[in-house]
Every structure is written in structure tokens, then in C-alpha cells.
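Below are the chains, spelled out letter by letter.
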Amino acid sequence: DAGVTQSPTHLIKTRGQQVTLRCSPKSGHDTVSWYQQALGQGPQFIFQYYEEEERQRGNFPDRFSGHQFPNYSSELNVNALLLGDSALYLCASSGTGYRDNEQFFGPGTRLTVL
Amino acid sequence: GNSVTQMEGPVTLSEEAFLTINCTYTATGYPSLFWYVQYPGEGLQLLLKATKADDKGSNKGFEATYRKETTSFHLEKGSVQVSDSAVYFCALSAYSGAGSYQLTFGKGTKLSVIP
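Residues numbered from 1 in each chain as written. Chains lettered and ligands numbered in written order. Predicted model: local features only at pLDDT ≥ 70, side-chain atom pairs only at ≥ 80, totals over all residues. Heavy atoms only, no water.

Undergrad: Can you lay out the packing of aromatic side chains for me, pointing to particular residues and giving the numbers?
TA: Counted by the stated rule, this structure contains twelve aromatic pairs over all chains. When the ring of A:Tyr35 is compared with that of B:Phe105, the centres are 5.8 Å apart and the planes differ by 90 degrees; the resulting orientation is edge-to-face. Taken together, the positions of A:Tyr35 in strand 4 (residues 31–37) and B:Phe105 in strand 11 (residues 101–105) put the pair across two chains. According to the relative accessible area criterion, B:Phe105 is buried, its value standing at 7%. Arranged with centres 6.0 Å apart and planes meeting at 75 degrees, the rings of A:Phe105 and B:Phe105 form a pair that is edge-to-face. Placement of A:Phe105 in strand 10 (residues 104–105) and of B:Phe105 in strand 11 is noted, with the two residues assigned to different chains. (Phe/Tyr/Trp six-rings, centres within 6.5 Å; stacked < 30°, edge-to-face > 60°. Helix = DSSP H or I, 4+ residues; strand = E, 2+ residues; numbered from the N terminus. Buried < 20%, exposed > 50% of the residue type's maximum accessible area, 1.4 Å probe, protein only.)

Listed below in C-alpha cells is the structure:
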């Protein structure tokens, strides 16, 4: 059973560019959450997708957008990249119906903005 | 809002020493509590969890007890190994509306174990 997978592993972009990160959830999971982890910090919640809709959103600007597909995979898009967007982006999946809603994390995509 | 505060690192211990990493939280309702571990260059792995007051989570020799009266979830291990060197994150999961549970993390504590 494959766990959560993310692509690409690493990415280098320049300021002002746009980037798309991809995530495939663990088998049987229908909810995908995205987190940003800056160097030396804990992960910060960006948003969560369920049934192809954004269900919850953290304190991130509209430059951050996402999408969920019918097969539950998800994309994170960031427009007009800033140097401060350099971080590890983590995707986590979970299943509905569980009180603690345990989230399983992928290995992350390391984004560097020059 | 919800928040998690954990002791700042880095923490450096000798092999076989006793480990405690303190974690306290602020949350409305009844959150679930987690410890995640992150090895260099990797994503997060769930280490242990507790879903209600007085529950003890345990895994790989690590333990943490959900203390509602002190809003704490301190991580302990009786004898650390070099392979335990990693960054440890305390987190809570709380209902945030619209059927969604959201994880809130502490800033992480870097542990280095020396032979």
C-alpha cells in the first residue's frame, strides 16, 4: 500500500514565477491538507480539500490556490513567487469519519525561490 | 485560536540518557494530541498520539500522557539512542468547522544524541 506521494522532490524557481506541486493521498483517504514548513519552523496549515472543494484555509494569501481531482489527488499552486515562499511543502492525507482524523504526511517538496 | 508551545532546542544528550521534551497547548474543545518526528531531509512521521484525557501514547520506547488539567503532552524516553537524533514536533488536531480537523504544530525541538 503506497503512502502519500509528492512530486517533484525539489524545485528551483525565480521570483515572480508560478509553481505547481502535486500530491497523491494514501489509498482509501479522501481528504488532502497542505502545509508550509519554513526552515527551522513547524508546519503551517495552508488549506484542506475534500470532495474537490477547499474546506478550510489557513492564513495564506490568495496567491496560494489548490485543486483536488476526482481521484482525490491534489495540486498546490503558488503564483507570483516571493523569496519568502522558499520552504518545504508537505501534503497530508486523511479519511473522513475518524475523530482524531489522523493525517499521514508525504516526504514533501523542497521549493527554493531565487 | 489553538496553539502549541514546546521547549526550544537544540537538546544534546549522551546515549542512554533520559529525554523529556515539554509541550503545552491551548485549544477549545477536546483536541487529539500528537508527536511527530522529522529525520534530516524527510517528511513527518507520526511517533505517537492520544485522543482523550489521561490516555498514554507510546511507540519505540517513547511515551506521552495527555494531561487535561495541565494542558500538557510531554514526550519522554528512558534511554535515547544515536538513531533518535531528529526534530520532534508536538501537535494538536481540533475540529475547525465544516467537517474539518486541522493540525496545529509547535516549532519543533531538535534532538542530537552523541555516542
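So much for the structure itself; the text now carries on.
Undergrad: Quick one: what's the story with the layout of surface pockets, residue by residue and with numbers?
TA: There is about 740 Å³ of room inside the largest pocket. Taken together, 36 residues line the largest pocket, and the ones lying closest to its centre are A:Gln37, A:Gly40, B:Gln38, B:Val87 and B:Phe89. Of all the elements in the fold, those that place two or more residues in the lining of the largest pocket are strand 11 (109–113) of chain A together with strand 1 (3–6), strand 10 (86–95) and strand 12 (109–114) of chain B. The leading source of residues in the lining of the largest pocket is strand 12 of chain B, at four residues. Looking at side-chain class alone, the lining of the largest pocket contains 13 nonpolar, 18 polar and five charged residues. Roughly 150 Å³ of volume is contained in the second largest pocket. Every residue along the wall of the second largest pocket is listed here: A:Pro43, A:Gln44, A:Phe45, A:Gly58, A:Asn59, A:Phe60, B:Gln102, B:Leu103, B:Thr104 and B:Phe105. Elements represented by at least two residues in the lining of the second largest pocket include exactly strand 5 (44–50) of chain A together with strand 11 of chain B. The greatest single-element share of the lining of the second largest pocket, amounting to four residues, is contributed by strand 11 of chain B. (1 Å grid on protein atoms, 1.4 Å probe; cavity = no way out; pocket = protein on both sides within 12 Å on 5 of 7 lines; lining within 4 Å. Points joined across faces, edges and corners; volume = space filled by probe spheres on them. Nonpolar A, V, L, I, M, F, W, Y, C, P; charged D, E, K, R; others polar.)

Scope: geometric values only; no functional claims are made or implied.
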